[in-house]
Amino acid sequence: MIKVEPFYDKNTGTGSYVVYDDTSRAALIIDAVLNFDVASGRLEFALANQQLQFIEAQKLHLDYICETHAHADHLSAAAYLRQHSKARTVISQGIGEVQQQFSRRFNKPVTEDQTLLYDILVHDGDTLMLGKHTLTVMTTPGHTPDSVSYLIEGNIFVGDTLFMPDIGTARCDFPGGDAHQLYQSIQKIHALPDETRIWVCHDYPPPNRKVQLNTLVKTSRNENIHVNQSMSEADFVTLRTQRDATLNVPRLLYPALQVNLWGALLPEKEAGGQRFIKIPLIVDEDSYATQ
Ligand SMILES: [Fe+2]
């Protein structure tokens, strides 16, 4: 039987999951998180360590570390977990396109195939085995072009393709994001059996409720405030586009991308042994230059 142990990073509102087969003791982690304080630059491993301790206490063996997409709001602990286990990292083959887009932005020359920083690149319909249970990859682009969902034994891990019904959906205004695609991806998830459990990658609960990380397909289909049955694709795209125009850049955008796009590895140490994160400046160079 498949079991799910949720972990929650309060600082970024991120849900991360240990999924395991209680017979074979095979486990995988979905959307691992590093603890990061952007003001000081301090990186810690508390949440990932809690997951490793859970795995050890339950006598599990970690086989895979799966990403639903290259996140822009938290730093992935995938490389850290890989260094502390025999597990292999898994991400969509679409990561290559996202790497290309952001290589230019960060002035990071692509010298070789950097998708090789991940162990397994998945496509729609690909499967991984967790003991005797099959995990199936479903491509669900829209929030990002590389978004995938992982379906296993009546559970689907959707990343940012859906949020809890009272929160709705994630933004589609990152490079390669597309509200039409997101609507269609959500239709694929909502076509699953009613009792399929949806696990989200984020919850930002309103003051009147506690953090909740899962819901059912039938609940999402009926009650999601952005994509319920009475919402057409055109209505959704209008709503999503208007809303995206009001959103600020995510607080951890640049640190997150510079780690998450390249195997979740930290930037190389520079002379003196220090690692750095870059922030591309947006500045009117004509105004700045001396006349
Ligand atoms: Fe995301």
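Small disclaimer: the values here were computed from a predicted structure and weren't measured.

Peer 1: Describe the overall build of the chain, and please don't skip the residues or the numbers.
Peer 2: Along its length, the chain carries 8 helices and 14 strands. Against the globule reference of 19 Å for 291 residues, the chain gives a C-alpha radius of gyration of 19 Å, in line with a compact fold. In terms of its C-alpha atoms, the chain occupies a principal-axis envelope of roughly 70 × 45 × 40 Å. Put simply, the chain has 291 residues, and 52% of those count as buried. For the chain, contacts bridging at least 24 residues in sequence account for 66% of all contacts bridging at least 6.

Peer 1: Could you give an account of the coordination of the iron ion, naming the residues involved and the relevant values?
Peer 2: Four donors placed tetrahedrally about a metal ideally form angles of 109.5 degrees, and six donors placed octahedrally ideally form angles of 90 or 180 degrees. The coordination sphere of the iron ion, as far as protein atoms go, consists of His69 (NE2), His143 (NE2) and Asp160 (OD), spread over 2.0 to 2.4 Å. Here the donor residues for the iron ion map to a single chain with the spacing H-x73-H-x16-D. One end of the pair, His143, is in the loop between strand E10 (133-139) and strand E11 (148-152); the other, Asp160, is in the loop between strand E12 (155-157) and helix H4 (179-190), and 17 residues separate them in sequence. The burial state of His143 is the same as that of Asp160; both residues are buried.

Peer 1: So what's going on with the sheet that holds strand E14 (residues 214-216)? Residues and values would help.
Peer 2: Note: strands within a sheet are paired through backbone hydrogen bonds, in either parallel or antiparallel orientation. Spatially, the 6 strands line up as an open sheet ordered E9-E10-E11-E12-E13-E14, and their pairing is mixed. Either end of the sheet is taken by a strand with one partner, and the two such strands are strand E9 (127-130) and E14. The average angle at which neighbouring strand axes cross in this sheet is 25 degrees, direction not considered.

Peer 1: Could you give an account of the sheet that holds strand E7 (residues 88-92), naming the residues involved and the relevant values?
Peer 2: With mixed pairing, the 6 strands of this open sheet are ordered in space as E1-E2-E3-E6-E7-E8. Taken across any chain shown, the strands that pair with only one partner, and hence form the sheet edges, are strand E1 (2-9) and strand E8 (120-122). Within the sheet, the average angular offset between the axes of one strand and its neighbour, ignoring direction, is 25 degrees. The pairing of E1 with strand E2 (residues 14-21) spans 8 bridges and is classified as antiparallel. Within E2, the position partnered with Lys3 by the bridge is Tyr20.

Peer 1: Tell me what's going on with the packing of aromatic side chains, and back it up with residues and numbers.
Peer 2: Taken as a whole and judged by the stated rule, the model has 11 aromatic pairs. Grouped by ring-pair contacts, the aromatic residues Phe102, Phe106, Tyr254 and Trp262 constitute a single cluster. For Lys108, the ring lying beneath its charged end belongs to Trp262, and the centroid distance is 4.7 Å.

Peer 1: Can you lay out the nonpolar core for me, pointing to particular residues and giving the numbers?
Peer 2: When a protein is soluble and globular, its nonpolar side chains tend to lie buried together. Counting 44 residues, the largest nonpolar core has Val19, Tyr150 and Phe157 as the members making the most contacts within it. In terms of residue count, the dominant contributor to this core is H4 (5 residues). Not counting the four nearest positions on each side in its chain, Val19 is found in contact with Ile2, Lys3, Ala26, Ala27, Leu28, Ile30, Leu130, Ile152 and Phe157. If you look at the next biggest cluster of nonpolar residues, it comprises 28 residues, including Phe7, Tyr20, Ala32 and Leu52.

Peer 1: Provide a residue-level description of the pairing of strand E3 (residues 26-30), including the pertinent values.
Peer 2: Counting buried positions along E3 gives 5 out of 5 residues, so the element sits mostly inside the fold. Neither face of E3 is left uncovered, since the one carrying Ala26, Leu28 and Ile30 and the one carrying Ala27 and Ile29 both have all their residues buried. Pairing analysis gives 4 bridges linking E2 to E3, with the strands arranged antiparallel. Along E3, the bridge assignment pairs Tyr20 with Ala27. Where E2 hands over to E3, the hairpin turn is made up of 4 residues, of which Arg25 adopts a positive phi near 70 degrees.

Peer 1: Can you tell me about the pattern of salt bridges, naming the residues and giving the values?
Peer 2: Following the criterion strictly, the structure yields 8 salt bridges and no others. Between Asp119 and Arg82 there is a salt bridge; the shortest N-O distance is 2.6 Å. Here the residue Asp119 occupies a position in the loop between helix H3 (95-105) and E8, and Arg82 occupies one in helix H2 (residues 78-83), the gap between them amounting to 37 residues. Given the relative accessible area of 33%, Asp119 is considered partly exposed.

Peer 1: Account for the side chain of Asp244, naming residues and giving values.
Peer 2: If you trace the backbone, Asp244 turns up in helix H6 (residues 233-244). Looking at Asp244, its side chain comes within polar contact range of the main-chain nitrogen of Cys172, at 2.9 Å. Beyond its immediate stretch of four places on either side in the chain, Asp244 contacts Arg171, Cys172 and Asp173.

Peer 1: Hey, could you go over unusual backbone geometry for me, with residue numbers and the actual values?
Peer 2: Notably, Asp31 is not glycine yet its phi reads approximately 55 degrees, a positive angle. Along the chain, Asp31 turns up in the loop between E3 and strand E4 (35-37). Here Ala264, not a glycine, exhibits a phi torsion of approximately 65 degrees, which is positive. Overall, the relative accessible area of 5% leaves Ala264 in the buried class.

How each quantity is defined
Residues numbered from 1 in each chain as written. Predicted model: local features only at pLDDT ≥ 70, side-chain atom pairs only at ≥ 80, totals over all residues. Heavy atoms only, no water. Helix = DSSP H or I, 4+ residues; strand = E, 2+ residues; numbered from the N terminus. Rg over C-alpha atoms; globule rule 2.2 N^0.38 Å. Buried < 20%, exposed > 50% of the residue type's maximum accessible area, 1.4 Å probe, protein only. Contact = heavy atoms within 4.5 Å. Donors = N, O, S within 2.8 Å, 3.2 Å for Na, K, Ca; no water. Pairing = 2+ DSSP bridges. Axes fitted to C-alpha atoms, helices over the stretch in contact; angles between N-to-C directions. Phe/Tyr/Trp six-rings, centres within 6.5 Å; stacked < 30°, edge-to-face > 60°. Lys NZ or Arg CZ within 6 Å of the ring centre and 35° of its normal. Core = buried A, V, L, I, M, F, W, Y, C linked by side-chain atoms within 4.5 Å. Salt bridge = Lys/Arg side-chain N within 4 Å of Asp/Glu carboxyl O. Polar contact = N/O pair within 3.5 Å; in protein donor to acceptor, adjacent residues only side chain to side chain.

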